[in-house]
Amino acid sequence: MASGDPLNDQGQRSVTRSSMIYYRCSSNSLALVRPASDGFAAGKPREEKEVPYADVNGQRLYYEDTGGFGSAIVFSHGLLLDSTIFAPQVAALRDSYRCIVWDERGHGKSATDTEPGYSYNDSAKDLSGLLSFLDIDSAILVGTSKGAFLGMSCALAHPQRVRALVLIGTQAAPREPATLAGYRQLVGKWIRGHLPDTVATTMEHIILGPNWPGATAWKEKWRAITASNLLSAIDALARQDDISEKISSINAPTLVIHGDADTAIPLAKAQAMKEAIPNAEMVVVAGGHAVSLTNPDPVNAVMADFFARHHLIAREEHR
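Residues numbered from 1 in each chain as written. Predicted model: local features only at pLDDT ≥ 70, side-chain atom pairs only at ≥ 80, totals over all residues. Heavy atoms only, no water.

> Before we go on, may I ask you to explain the overall build of the protein in this structure?
In terms of regular secondary structure, the protein is built from 10 helices and 10 strands. Burial status across the protein gives 53% buried among its 319 residues. Excluding contacts between residues fewer than 6 apart, the proportion of contacts in the protein whose partners are at least 24 apart in sequence is 77%. For the protein, the accessible surface area stands at approximately 13,800 Å², while carbon and sulfur atoms represent 52% of it. (Helix = DSSP H or I, 4+ residues; strand = E, 2+ residues; numbered from the N terminus. Buried < 20%, exposed > 50% of the residue type's maximum accessible area, 1.4 Å probe, protein only. Contact = heavy atoms within 4.5 Å. Areas by Shrake-Rupley, 256 points an atom, 1.4 Å probe, with all protein chains shown as cover.)

> Any chance you could explain the confidence of the model for the protein here in plain terms?
Reading predicted coordinates in detail is not appropriate for stretches of low pLDDT. Mean pLDDT over the protein works out to 86, with 82% of the residues at or above the 70 mark. The low-confidence segment residues 1–49 (pLDDT under 50) makes 105 contacts with residues lying over four places distant or belonging to another chain. (pLDDT = per-residue confidence, 0-100.)

> What is the right way to look at unusual backbone geometry in this model?
Backbone phi values are negative for most residues with the exception of glycine, while trans is the configuration of most peptide bonds. Its identity is not glycine, yet D135 carries a phi of approximately 60°, on the positive side. Along the polypeptide, D135 turns up in the loop between α2 (120–133) and β7 (139–144).

> Looking at this structure, how should I read the sheet that holds strand β5 (residues 72–76)?
Strands in a sheet are paired, the pairing made by backbone hydrogen bonds, and the direction either parallel or antiparallel. Here we have eight strands laid out as an open sheet, ordered β3-β4-β6-β5-β7-β8-β9-β10, and mixed in their pairing. Pairing within the sheet leaves two strands with one partner each, and these edge strands are β3 (53–56) and β10 (281–285). If you compare each strand with its neighbour and ignore which way they point, the axes differ by 25° on average. When strand β4 (residues 59–65) meets strand β6 (residues 98–102), the two strands line up antiparallel, connected through three bridges. Looking across to β6, one finds that E64 is bridged to V101. Against the sheet, α2 touches β3, β4, β5, β6 and β7, its axis set at about 115° to β3. Along the sheet, helix α3 (residues 146–157) makes contact with β5, β6, β7 and β8 (162–168), crossing β8 at roughly 150°. (Pairing = 2+ DSSP bridges. Axes fitted to C-alpha atoms, helices over the stretch in contact; angles between N-to-C directions.)

> Is there a simple way to explain the nonpolar core in this structure?
As a rule of thumb, nonpolar side chains are buried together in soluble globular proteins. Counting residues in each nonpolar core, the largest one holds 89 residues, and the members touching the most others are F75, V142, M152, I257, M303 and F307. Residues within four places of V142 in sequence aside, it is in contact with I73, V74, F75, S76, F86, V166, I168, M303 and F307. (Core = buried A, V, L, I, M, F, W, Y, C linked by side-chain atoms within 4.5 Å.)

> Looking at this structure, how should I read the packing of aromatic side chains?
Applying the stated criterion across every chain yields a total of seven aromatic pairs. Arranged with centres 6.0 Å apart and planes meeting at 70°, the rings of Y63 and F133 form a pair that is edge-to-face. Of the two residues, Y63 is situated in strand β4 and F133 in helix α2; the sequence distance between them amounts to 70 residues. Residue Y63 shares its accessibility class with F133, and that shared class is buried. Among the aromatic side chains, those forming a connected cluster through ring pairs are Y97, F306 and F307. The side chain of R60 reaches across the aromatic face of Y53, ending 3.9 Å from its centre. Seen from the ring of W218, K221 lies directly overhead, with NZ or CZ sitting 4.3 Å from the centre. (Phe/Tyr/Trp six-rings, centres within 6.5 Å; stacked < 30°, edge-to-face > 60°. Lys NZ or Arg CZ within 6 Å of the ring centre and 35° of its normal.)

Structural data, given as structure tokens:
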């Protein structure tokens, strides 16, 4: 990310919020209550449900918000994943925190049939814009892989908006040229063969690790990704900025979590990132790249302990 190129935090507010009800709690705070959506359903399902989208930076971004009075946590997913990867964390934390998940541009329910090119900087602007759309002054940002990079970018551009960072399976530097070349070859085979089994298995090992029981469902999701969205995602990865020399200015409490079997990002890259961020903490847990999904219990425990030690449970204005 070029210096002097601040992220735009002005979200477009043209989305109808008919499914949401606001109750004023004090002169400067609002608590959000809305009907549960599919991912966070509670009680009997409704026959008709308002689908929450936020018009931000020319994108129609799908999100889910548990509401509540606790500190806001915004979860950002990684490349070729979607917001459902954080279901274990939302289930564990929603009683004490306001949990928000979203599908980034070109992914999940935010994807269009044809996705124009974009950068990680664009997605970081989307994250900041989503905070504005939801009237969140500051939040805990939790991210996996690309999503963690977006959190760091937001902390650099808008430090006052970031109460804490949890960085899972990520690095601050771009991928090595040889790694990117390998990914492009893989994507070429993916598109030509409509995700043949050999490529699907390779993707499984890179992102989820081998023999994870939920891999089949993710392979079906990957088969549904259009060639345009797939190419845009890989191009964005290839153009990732190097922020490794900038993250020393991050002042928010930071927790780095990394899987001991992560083949997508070497442990040494995560350790270097941790050393560069002042007072950052690091925990290595058993698992691969998407360890918060495939081995959530230790990840949830580490996060809950980190939040408690840094007194992040209560929302800042209520402390």
